[in-house]
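A closer look at the structure
Below, each chain spelled out in residue letters.
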Amino acid sequence: MSGSTNKLNRRSMLKASVAVAAAPALIGSAQAQQTVTWKVQAHWPKASGSFNDSLGVLAKELEERTGGRFKLETYGAGEIAKDREIYNVVRRGVVPMGTISPAYILGEAQAMGLFYGVPGTLRESWEMMHLTKNLGIEKMVNEELRPKGVMMMAEKAYPTEVVLKKKVTSAADLGSLKVRSAGSMLEYLAAAGASPQQIAGPEIYQAISTGVVDGAHWGAAIGALSMKFWEVAKFHMKPALGFANDAYIVNIAALDKLPPDLKLQFVSLVEERYFRRSVEYLNQEAVALTTGKTKMDVEVVRFPDDVLKKFADASNQILKKEAAKGDVAQKGTQALTKLMTDLGYV
């Protein structure tokens, strides 16, 4: 009797062990079937090239790579929140994700101005990409943002160029102009004598066409084409004011709730897209500018030397102000300055 009882006990224990061992597999299988839909508030109007080519492509590729298990429901500028409100709606979890310009939230991290891009410092997109990813600017920003419940991931590096209604042939010409701008570009343009103003993306075209401002920047040629600025402002100014990053901002709690495989797919795709999109953007810039010149009577105009001199002086002052924001900003500024030295810019 006791031998039979022992055999039954051993069989029961074996069954229990098999059941416990199988549980993680069952949980994993259930988790693997979990589907997620995130609302994403963009700072780009739906008319902007980046709404489709950046956010739209990310949504499409994420859905494809996850077999339809992770979808992004995208909203154009102002549908849930406006540009400078996006940070707070993501931080509070109203939406798990948004797109944003670091220029809108410069006060949230010491290195945010470097993440946005210091005007007049770098001259190529790859330099901005190297600074952001390899020299640690994005990491510095997120070390300060994570305790606040959000993180930012660079979306693309891009040039910033101004379009104007009037041709500029001297600093005196620029001094009479009102120009829509944002972030440290405001200070940069002001130093050259212009009167920069902050205007939300969806309102820029009307502001130019009605004379509220005499020009604007929204990226460079792609922005001018997709936002129809060239219809009312025919002079496209070169060289670029600088190179900047657009970014995705993500609620960390929402990110951590994702099944591990979906989280990995999402983070990996955003990282990959940064490099692919930044390069693609330069190609689209060339195509857009050719379209403007050949089909829309756009004239490319170089800033006069006296304006460029004022820009250079302003850039140095902005860089000093960035370094003075604290130890993190100083470290980031040193990385940028060394890169500029390596490139022979200083």
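Use the structure listed above.
From a predicted model like this one, the values you see are computed outputs, not experimental measurements. (Residues numbered from 1 in each chain as written. Predicted model: local features only at pLDDT ≥ 70, side-chain atom pairs only at ≥ 80, totals over all residues. Heavy atoms only, no water.)

1. Some points on the overall build of the protein
Filter applied, for reference: Here a strand is any run of E in DSSP of at least two residues, a helix any run of H or I of at least four, and the numbering for each starts at the N terminus. Burial status follows relative accessibility: with a 1.4 Å probe on protein chains alone, a residue under 20% of its type maximum counts as buried, one over 50% as exposed, and anything between as partly exposed. In this description, contact between two residues means that some pair of their heavy atoms is separated by no more than 4.5 Å. Here the positive residues are Lys and Arg and the negative ones are Asp and Glu; neither His nor the chain ends is included. We put the charge of a Lys on NZ, of an Arg on CZ, of an Asp on CG and of a Glu on CD.
Of the regular secondary structure elements, the protein holds 14 helices and 11 strands. When the 346 residues of the protein are sorted by exposure, 49% land in the buried category. Pairs at least 24 residues apart make up 77% of the contacts formed inside the protein by residues separated by at least 6 positions. Averaged over its 43 positive side-chain charges, the protein has a centre that lies 7 Å from the centre of its 36 negative ones.

2. Description of unusual backbone geometry
Put simply, Lys 238 and Pro 239 share a cis peptide bond, and its omega is -5°. If you trace the backbone, Pro 239 turns up in the loop between strand S9 (235–238) and strand S10 (242–251). Its identity is not glycine, yet Lys 228 carries a phi of approximately 65°, on the positive side.

3. Some details on the packing of helix H5 (residues 125–134) against helix H14 (residues 327–342)
Each pair of packed helices can be described by the angle between their axes along with the distance between the axes. Under the convention used in this document: The axes used here are C-alpha line fits, helices contributing only the stretch in contact, and every angle between their N-to-C directions lies in the interval 0 to 180 degrees. Each crossing is labelled by how the near helix is turned from the far one, with a counterclockwise turn of less than a right angle marking it left-handed and a clockwise turn marking it right-handed. Under the scheme applied, nonpolar residues are Ala, Val, Leu, Ile, Met, Phe, Trp, Tyr, Cys and Pro; charged residues are Asp, Glu, Lys and Arg; polar residues are all the others, including Gly.
Contact geometry for H5 and H14: axes closest at 11 Å, N-to-C directions at 145°. The hand of the H5/H14 crossing is right-handed. Touching Glu 127, His 130 and Leu 131 of H5 are Ala 335, Leu 336 and Leu 339, all from H14. Split by residue class, the contact of H5 with H14 holds four nonpolar, one polar and one charged.

4. Details of the environment of Gly 211
Take Gly 211: it is sitting in the loop between helix H9 (204–209) and strand S8 (215–216). The sequence separation of Gly 211 and Val 232 amounts to 21 residues, and the corresponding C-alpha distance is 9.8 Å.

5. Examining the packing of aromatic side chains
The condition is simple: Two rings from Phe, Tyr or Trp (for Trp, the six-membered ring) form a pair when their centres sit within 6.5 Å of each other. Planes less than 30 degrees apart are called stacked, planes more than 60 degrees apart edge-to-face, and all others tilted. Only when the NZ of Lys or the CZ of Arg is both within 6 Å of the ring centre and within 35 degrees of the ring normal is a charge said to sit over the ring.
According to the stated counting rule, one finds seven aromatic pairs in the structure shown. Ring centres of Trp 38 and Phe 266 lie 5.4 Å apart, and the angle between their planes is 65°; this geometry places the pair in the edge-to-face category. Taken as a pair, Trp 38 in strand S1 (residues 36–41) and Phe 266 in helix H12 (residues 260–295) lie far apart in primary sequence, 228 residues in all. Given the relative accessible area of 5%, Trp 38 is considered buried. On the accessibility criterion, Phe 266 (1% relative accessible area) is buried. In textbook terms, an aromatic cluster arises when at least three aromatic residues are bridged by ring pairs, as seen for Trp 38, Phe 70 and Phe 266. Above the plane of the ring of Tyr 345 lies Arg 123, whose end atom (NZ or CZ) is 3.8 Å from the centre.

6. A word on the nonpolar core
Quick reminder of the rule: The set of buried Ala, Val, Leu, Ile, Met, Phe, Trp, Tyr and Cys residues whose side-chain atoms join them within 4.5 Å is what this entry labels a nonpolar core.
Judged by nonpolar contacts, the single largest core of 108 residues is most densely connected at Trp 38 and Met 152. It is H12 that contributes the most residues to this core, eight residues altogether. For Trp 38, the residues in contact, after removing those within four places along its chain, are Phe 70, Lys 71, Leu 72, Glu 73, Pro 96, Met 97, Val 250, Ala 254, Leu 255, Leu 258 and Phe 266.

7. Section: the sheet that holds S9
The cut-off we apply is this: Only strands joined by at least two bridges in the DSSP assignment are considered to pair.
Pairing in this open sheet of six strands is mixed, and the strands run S7-S6-S8-S5-S9-S11 from one edge to the other. Each end of this open sheet is capped by a strand with a single partner; those strands are strand S7 (195–197) and strand S11 (299–302). Alignment of strand S5 (residues 163–164) against S9, held across two bridges, turns out to be antiparallel. Within S9, the residue paired with Leu 164 across the bridge is Phe 235.

8. Structural notes on the environment of Val 346
Secondary-structure assignment places Val 346 in the segment after H14. When its relative accessible area of 60% is taken as the criterion, Val 346 is described as exposed. Taking the C-alpha atoms as reference points, Val 346 and Val 232, 114 residues apart in sequence, are found 37 Å from one another. Aside from chain neighbours lying at most four places away, what touches Val 346 is Thr 337, Met 340 and Thr 341.

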